[in-house]
Amino acid sequence: MSQAELAIRNAHIVDGTGAAAVKGDVAVSGDKIVAVGKFDGAAAREIDAHGHVLSPGFIDVHTHYDPQLCWDRLATPSLEHGVTTVVVGNCSLSLAPVHQSGTRKLVRMFGKIEDIKEPTFDEGVPFKWESFGQYLDFIRPGLGINVGALVGHSALRYYVMGAESQERVATDAEIATMCELMEGAMAAGAIGLSTSYVDIDENLRPVPSRLADMREKMALCKAMAKSGRGTLQTVPYFIDPEQQLKNIEELAELSLGSGVFCTIAPIVYSPAAPDNYKRNLAKLDEQRARGAKVFGQSMPRAFNINIRLSETSFLLYGVPSWNALMQLDVPKRIAAFGERTSREKLVKDAERAILPLLYGAIVGEVYNPSNQKYLGRRLAEIAKEQGKSMPDVMLDIAVADDLRTEFRINEIVHGDPEIVAQILDHPSIHIGASDAGAHVSQFCGAGDTSDLFDRFVRQFHKLTLERAVHRLTAEPADAWGIKNRGRIAVGAAADLTLFDPETIARGKEEFVSDFPGGGNRYIRHAQGIEKVIVNGKVVVDSGKYTEARAGQIV
Ligand SMILES: [Zn+2]
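**Student:** How should I be thinking about unusual backbone geometry in this particular structure?
**Tutor:** Keep in mind that most residues, glycine aside, have a negative phi and that most peptide bonds are trans. A96 connects to P97 through a cis peptide bond whose omega is -5°. Here P97 lies in the loop between β7 (83–88) and α1 (103–114). The residue after A265, namely P266, is reached through a cis peptide bond having omega -10°. By secondary structure assignment, the location of P266 is in the loop between β11 (261–264) and α8 (276–289). Phi angles above zero are rare outside glycine, and L204 is one such case at about 65°. Structurally, L204 is set in the loop between β9 (190–196) and α6 (214–225).

In structure tokens form, the structure reads like this:
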């Protein structure tokens, strides 16, 4: 009789390939799956999975856990949502390669673009590395989750060119150096490169990757392709829809010229430009038809954002007077926003720039008893009642709370489930774009996978269970070159998620203060996820993290 370490019995097995679910057992030994279907042997640990779905662990291809993994090797809360592999280093930003003299620049770019604050970096990220491989060696011990790592083009370019990386195209010699580093990173375990066509740094200047010309991009793609795999992740210039379509064409050229897979994030539905998503999908289809591997990423979640004036808000970048005050430390910020003499200008500026956003704003968490009466109410309604403008009322409420009030801006972008379902089901789209680990004081991107099953499978019947699992497992594993994962098959890595299809949900957002340096963030605790198994070890058991740490760099 064969012997296994773990046997999961009577599960509804959804194997990740898209094939119909079957009832049966899965057995695990070491970090591999050793039996699927029927297992007559004995196991050191038996799990009765009756009534539950057993799927491959989910893969989240778009996260920014690079800093968090330095102090939290579980990448909470993604792991408890059944995510067993996260891809980091997206959007042109990674924490290596880096010179000691360049760490502050990386921290500030990360702070600006991904909303991880400097005190959090100072306490949580020791920068005890220079090369990309050394960064991977730093996070590897004690990993609870698997990590696929992209090299950030802005980090790479800054490492080679310094401040001039934000001023000019690279010389042939600089491109050659970048390519050498890229090859070294791939050899050390990277899965590809990320670049950005749109982001700006802490001084509102284009990030280094935006200064790269086509010869640099093509050379880097060819350099990574030498390893036999290669992904190019990108953020398009979404500010101008025509430019975004041109970005897709450029990516197609890069893919055709080098063989790499290109992914562009995010493709979302916005009622302000209702046909945009269709044009993007058509462009992706057109380029794929000529053989380019170029795909979009989208997510099930509506683009919901919370503004707290005590934190960070990218929605306020376009309002210079507000944005300037948001750069002050919090005590100074409280004083500045409370200043009556500057109020008129602040109100006028916000009216010009963000009034449509504020129409959708709801008062969420409040702190001062005098604000209790506003809880759950629309800012627009309160303003009407008081005969004031919305930004004025927003400031009154926020100042009374020392700026901590939560204003929820919901469902403005990507909120229509009919259209979102079409995007999520489209063959030129992958499910990604969660941004988990980023923008942490504005929303929680972790939990999108649970949301997909809750709303788009169970409530709206837009995707079958099998298709949803396929989209979160084998499909991204194959596209991103993550080998031997994403399927329940004999010999595959034992990354498994056991969940209740009737109750799986992403849970409510909670604002917690658990980041180094006194940082705050939004998290969500998963519902309906019974067990999460990473490389054969149960890491989440009935919703609780165990001591097992079996994550790998993939
Ligand atoms: Zn991102």
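**Student:** Looking at this model, I keep getting lost on the pattern of salt bridges. Mind explaining?
**Tutor:** Side chains carrying opposite charge are able to pair once their charged atoms draw close together. Considering all chains together, one arrives at 52 salt bridges under this definition. A salt bridge links R301 to D448; its shortest N-O distance comes to 2.8 Å. With R301 in the loop between β12 (294–298) and β13 (305–307) and D448 in helix α15 (residues 448–459), the pair connects residues that are 147 residues apart, well separated along the chain. Overall, the relative accessible area of 7% leaves D448 in the buried class. Each of R340, R343, K388, D392 and D396 takes part in salt bridges that share partners, so that together they form one network.

**Student:** Explain helix α11 (residues 343–359) here, please?
**Tutor:** Each α-helix winds once per 3.6 residues, and so residues spaced three or four apart point in a common direction. The end-to-end C-alpha distance of α11 is 20 Å, clearly below the 24 Å that 17 residues give at a rise of 1.5 Å each. Within α11, burial applies to R343, L346, V347, D349, A350, I354 and L358. In the core, the buried residues of α11 are packed alongside α9 (320–326), α10 (330–338), β14 (361–363), α12 (379–386) and α13 (390–400).

**Student:** Whenever I open this one, the environment of E339 confuses me. Can you help?
**Tutor:** Position of E339 relative to the elements: it lies in the loop between α10 and α11. A relative accessible area of 40% places E339 in the partly exposed class. When the C-alpha atoms of E339 and V399 are compared, they prove to be 9.6 Å apart, with 60 residues separating the residues in sequence.

**Student:** What am I meant to see in the sheet that holds β14 here?
**Tutor:** The antiparallel open sheet is built from 3 strands, whose spatial order is β13-β15-β14. Only two strands of the sheet have a single neighbouring strand rather than two, namely β13 and β14. Strand after strand, the sheet turns through a mean of 30° between neighbouring axes, direction not considered. As paired strands, β13 and strand β15 (residues 407–409) are joined by 3 bridges and run antiparallel to one another. For I305, the partnering residue across the bridge sits in β15 and is I409.

**Student:** Help me understand the side chain of D213 in this model?
**Tutor:** Locating D213 in the fold gives a position in the loop between β9 and α6. At a separation of 2.7 Å, a polar atom in the side chain of D213 contacts the side chain of R215. A distance of 3.1 Å separates a polar side-chain atom of D213 from the backbone nitrogen of E216.

**Student:** How should I be thinking about the coordination of the zinc ion in this particular structure?
**Tutor:** Listed as protein donors to the zinc ion are H62 (NE2), H64 (NE2), C91 (SG) and D435 (OD); their distances from the metal cover 2.1 to 2.4 Å. Around the zinc ion, the 4 donor atoms are arranged such that angles at the metal cover 81 to 169°; this shape is classified as irregular. All donor residues of the zinc ion come from one chain, and their arrangement in sequence is H-x1-H-x26-C-x343-D. Taken together, the positions of H62 in the loop between β6 (58–60) and β7 and C91 in the loop between β7 and α1 put the pair 29 residues apart, joining distant regions of the chain. Exposure remark for H62: the relative accessible area of 4% places this residue in the buried category.

**Student:** Honestly, the pairing of β9 in this entry has me stumped. Any pointers?
**Tutor:** Looking along a regular strand, one sees side chains alternate from face to face of the sheet. With 7 of 7 residues buried, β9 is to be regarded as a mostly interior element. Sheet topology places strand β8 (residues 146–152) next to β9; 4 bridges connect them, and they run parallel. Each residue of the ladder has a partner; that of V151, found in β9, is L193. Here β9 pairs with strand β10 (residues 231–235) via 5 bridges, running parallel. Counted as the bridge partner of G192 is T231 from β10. At this point the chain moves from β9, through α6, to the parallel β10, and the crossover so formed is right-handed.

**Student:** In this structure, what is going on with the environment of V107? I would like to understand it.
**Tutor:** By secondary structure assignment, the location of V107 is in helix α1. Residues V107 and D201 lie 94 residues apart in sequence; the distance between their C-alpha atoms is 10 Å. Those residues in contact with V107 that lie beyond four places of it in its chain are E118, F121 and F127.

**Student:** In this structure, what is going on with the nonpolar core? I would like to understand it.
**Tutor:** Generally speaking, nonpolar side chains in soluble globular proteins are found buried as a group. In terms of nonpolar packing, the biggest core is built from 99 residues, with L69, F127, W129, V147, M182, L232 and F453 touching the most fellow members. The biggest single contributor to this core is helix α5 (residues 172–187), with 6 residues. Here L232 is in contact with L193, T195, C221, M224, L251, L254, V260, F261, C262 and T263, once residues within four sequence places are set aside. Among the nonpolar cores identified, the runner-up in size contains 33 residues, and L325, A350, I354 and L395 belong to it.

**Student:** Help me out: how do you make sense of the environment of G230 in this one?
**Tutor:** For G230, the location among the structural elements is in the loop between α6 and β10. Residue contacts for G230: discarding those within four places in its chain leaves M186, I191, M224, V260 and F261.

Calculation notes
- Residues numbered from 1 in each chain as written.
- Predicted model: local features only at pLDDT ≥ 70, side-chain atom pairs only at ≥ 80, totals over all residues.
- Heavy atoms only, no water.
- Helix = DSSP H or I, 4+ residues; strand = E, 2+ residues; numbered from the N terminus.
- Salt bridge = Lys/Arg side-chain N within 4 Å of Asp/Glu carboxyl O.
- Buried < 20%, exposed > 50% of the residue type's maximum accessible area, 1.4 Å probe, protein only.
- Expected span 1.5 Å × (residues − 1).
- Contact = heavy atoms within 4.5 Å.
- Pairing = 2+ DSSP bridges.
- Axes fitted to C-alpha atoms, helices over the stretch in contact; angles between N-to-C directions.
- Polar contact = N/O pair within 3.5 Å; in protein donor to acceptor, adjacent residues only side chain to side chain.
- Donors = N, O, S within 2.8 Å, 3.2 Å for Na, K, Ca; no water.
- Tetrahedral: all angles 85-135°; square planar, octahedral: opposite > 155°, others 65-115°.
- Right-handed = clockwise from strand over helix to strand, strands pointing away.
- Core = buried A, V, L, I, M, F, W, Y, C linked by side-chain atoms within 4.5 Å.

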